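Residue strings, one per chain:
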Amino acid sequence: MALRGICVVEMAGLAPGPFCGMVLADFGAQVVRVDRPGSRGDVSHLSRGKRSLVVDVKRPEGAAVVRRLCSRADVVLEPFRRGVMEKLQLGPELLQRENPQLIYARLSGFGQSGRLSGAAGHDINFLALSGVLSKIGRSGENPYAPLNLLADFGGGGLMCTLGIIMALYERTRSGKGQVIDANMVEGTAYLSSFLWKSHKSGLWEKPRGQNLLDGGAPFYTTYQTADGEFMAVGAIEPQFYELLVKGLGLNSAELPDQMSVNNWPEMKTKFAAAFAKKTKAEWCQIFDGTDACVTPVLTLEEVARHDHHRERGSLITDEEQGESPRPAPLLSRTPAVPSFQRDPFVGEHTEEILKEFGFSKEEIAHLNSANIIGSYKQRASL
């Protein structure tokens, strides 16, 4: 796999950090998740392929354990607010002094500097400050966040993963590590570069929800079907639009021009009435094999049964029969080989990991007796 031989120490956190670590693990990195005593584990359920080590990093001996791990690691991934790792004596200056090749990835909401660098926030807050949230929502309604995907996972976890990969590549030339300041506000803004670059082109000149790509156009939106399901329409190009109109059983000669913005509400009403006459399955049959850019809005359960996904093997099933998306993108020579085992229990691999990093039996016994480390087996026996 592409990242075989890369060792990652992931400080346990919420969604974006675990996702970043999971991507690295899927593509071959050995990822050690450092959990805190009493932790419930990864509530984000993104620990595929990782191992768990419990260490009380708030105690000097515990922090020393993590420093020792980082002295032999390639990457450390931390998801805390500015200054937290420094207080624990685990900041980049100290760790890179001991390991100059270490890549230190800092994944936060607002970044390592600036007035908000120490503030709390969630996806919707980061999305709001990036400017993107102002553009998402129906006409005449409040802006709304599309789940917590854009800032947490797109601008945060995925951008951090990209930074780590670039730093690893640069290290092959310089032999040196570096610090990555990945944050969800700037990551989301960068992800929306098309929005920024096209802002003055007229593409977004109308109020929110009334433009070409935000639900304003009758040929780029969703419609409800007779059985209460939905179809997605993206027929922007004229030739695709003609196929849409034909499939709906409408006469283009009786409709306003496709790009007559003032008539879009009227056209949307007609399209909605047409879609409401047939079920989702019937519309799939009508538009299947055409270039009308009309597709069903699939539920997560339907995705697994869809012919295209089944033919490509787009989903994987773990040993507990849970389904999830296969890692992407596909690499021809070194594809990801995700683990099919269950997610690790908190502290399940504590002693195993410490032994691999050179801790003696005596050292491990001392750390156990002092409650510096913990393990799943110990807690399960109480």
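By the naming in an unreviewed UniProt entry, the protein chain goes by Alpha-methylacyl-CoA racemase and is assigned to Orycteropus afer afer. Recorded in UniProt under Sequence similarities (unreviewed entry), the annotation for the protein chain is "Belongs to the CoA-transferase III family."

Re the packing of aromatic side chains
Each pair of aromatic rings is reported with the distance of its centres and the angle of its planes. The final tally for this structure, using the stated rule, is 11 aromatic pairs. Summarising the aromatic geometry, the rings of Phe-219 and Tyr-241 are spaced 5.8 Å apart at their centres and angled 80° between planes, so their arrangement reads as edge-to-face. Within this pair, whereas Phe-219 is found in the loop between helix 8 (193-197) and strand 7 (220-224), its partner Tyr-241 is found in helix 9 (residues 238-247), the two being separated by 22 residues in sequence. Looking at Phe-219, the relative accessible area reads 0%, which means it is buried. Summarising the aromatic geometry, the rings of Phe-345 and Tyr-376 are spaced 4.3 Å apart at their centres and angled 10° between planes, so their arrangement reads as stacked. A residue pair is termed long-range when its members are at least 10 positions apart, and Phe-345 in the loop between strand 11 (323-325) and helix 14 (350-356) and Tyr-376 in helix 16 (residues 376-380) qualify at 31 residues. Using a relative accessible area of 32% as the deciding quantity, one classes Phe-345 as partly exposed. Cluster of aromatic residues (ring-pair linked, three or more members): Phe-219, Tyr-223, Tyr-241, Trp-264, Phe-271, Phe-275, Trp-283 and Phe-287.

What to know about unusual backbone geometry
Note that the residue after Ala-328, namely Pro-329, is joined by a cis bond; omega there is 5°. Its place among the elements puts Pro-329 in the loop between strand 11 and helix 14. Its identity as a non-glycine residue notwithstanding, His-45 has a phi of 60°, on the positive side. If you trace the backbone, His-45 turns up in the loop between strand 2 (30-35) and strand 3 (51-55). Classification of His-45 as exposed rests on a relative accessible area of 62%. Residues other than glycine seldom take positive phi values, yet Gln-89 does so here, at roughly 60°. Residue placement: Gln-89 occurs in the loop between helix 3 (84-87) and helix 4 (92-98). Residue classification places Gln-89 among the partly exposed residues on the basis of a relative accessible area of 48%.

Brief notes about the pattern of salt bridges
For side chains bearing opposite charge, pairing can occur when the charged atoms are close. All told, the structure shown has 14 salt bridges when counted by the stated rule. Of the charged contacts, one joins Glu-348 and Arg-342 as a salt bridge, the two residues approaching to 2.8 Å between their closest N and O atoms. We classify Glu-348 as partly exposed; its relative accessible area is 26%.

Focus on the side chain of Arg-33
Residue placement: Arg-33 occurs in strand 2. Take Arg-33: its relative accessible area is 3%, and that puts it in the buried class. Side chain to side chain, Arg-33 and Asp-35 meet in a polar contact 2.8 Å long. At 2.4 Å, the side chain of Arg-33 and the side chain of Ser-47 are in polar contact. In this structure, Arg-33 is in contact with Glu-10, Ala-12, Gly-41, Asp-42, Ser-47, Arg-51, Ser-52, Leu-53, Pro-344 and Val-346, ignoring residues within four places of it in sequence.

Digging into the nonpolar core
Core analysis: the largest hydrophobic core is formed by 31 residues, its most contacted members being Leu-90 and Leu-354. Mapped by element, the contributors of at least two residues to this core are strand 1 (7-11), strand 2, strand 3, helix 2 (60-70), helix 14 and helix 15 (361-369). With 27 residues, the next largest nonpolar core counts Leu-3, Phe-19, Leu-24 and Ala-336 among its residues.

Some remarks on the sheet that holds strand 4 (residues 75-78)
Strands sit in the order 6-5-4-1-2-3-12 across an open sheet of 7 strands; the sheet is mixed. One side of each edge strand has no neighbouring strand; the edge strands of this open sheet are strand 6 (179-183) and strand 12 (373-374). The sheet contact formed by strand 5 (residues 103-108) and strand 6 spans 5 bridges and is parallel. Its bridge partner being in strand 6, Arg-106 is matched across the sheet by Asp-181. The strands touched by helix 2 within the sheet are strand 1, strand 2, strand 3 and strand 4, with strand 3 carrying the most contacts at an inclination of about 145°. Helix 6 (residues 149-174) contacts strand 4, strand 5 and strand 6 of the sheet and is inclined by roughly 165° relative to strand 5.

About the cut-offs
- Residues numbered from 1 in each chain as written.
- Predicted model: local features only at pLDDT ≥ 70, side-chain atom pairs only at ≥ 80, totals over all residues.
- Heavy atoms only, no water.
- UniProt positions renumbered as here; feature names shortened; annotations may be inferred.
- Phe/Tyr/Trp six-rings, centres within 6.5 Å; stacked < 30°, edge-to-face > 60°.
- Helix = DSSP H or I, 4+ residues; strand = E, 2+ residues; numbered from the N terminus.
- Buried < 20%, exposed > 50% of the residue type's maximum accessible area, 1.4 Å probe, protein only.
- Salt bridge = Lys/Arg side-chain N within 4 Å of Asp/Glu carboxyl O.
- Polar contact = N/O pair within 3.5 Å; in protein donor to acceptor, adjacent residues only side chain to side chain.
- Contact = heavy atoms within 4.5 Å.
- Core = buried A, V, L, I, M, F, W, Y, C linked by side-chain atoms within 4.5 Å.
- Pairing = 2+ DSSP bridges.
- Axes fitted to C-alpha atoms, helices over the stretch in contact; angles between N-to-C directions.

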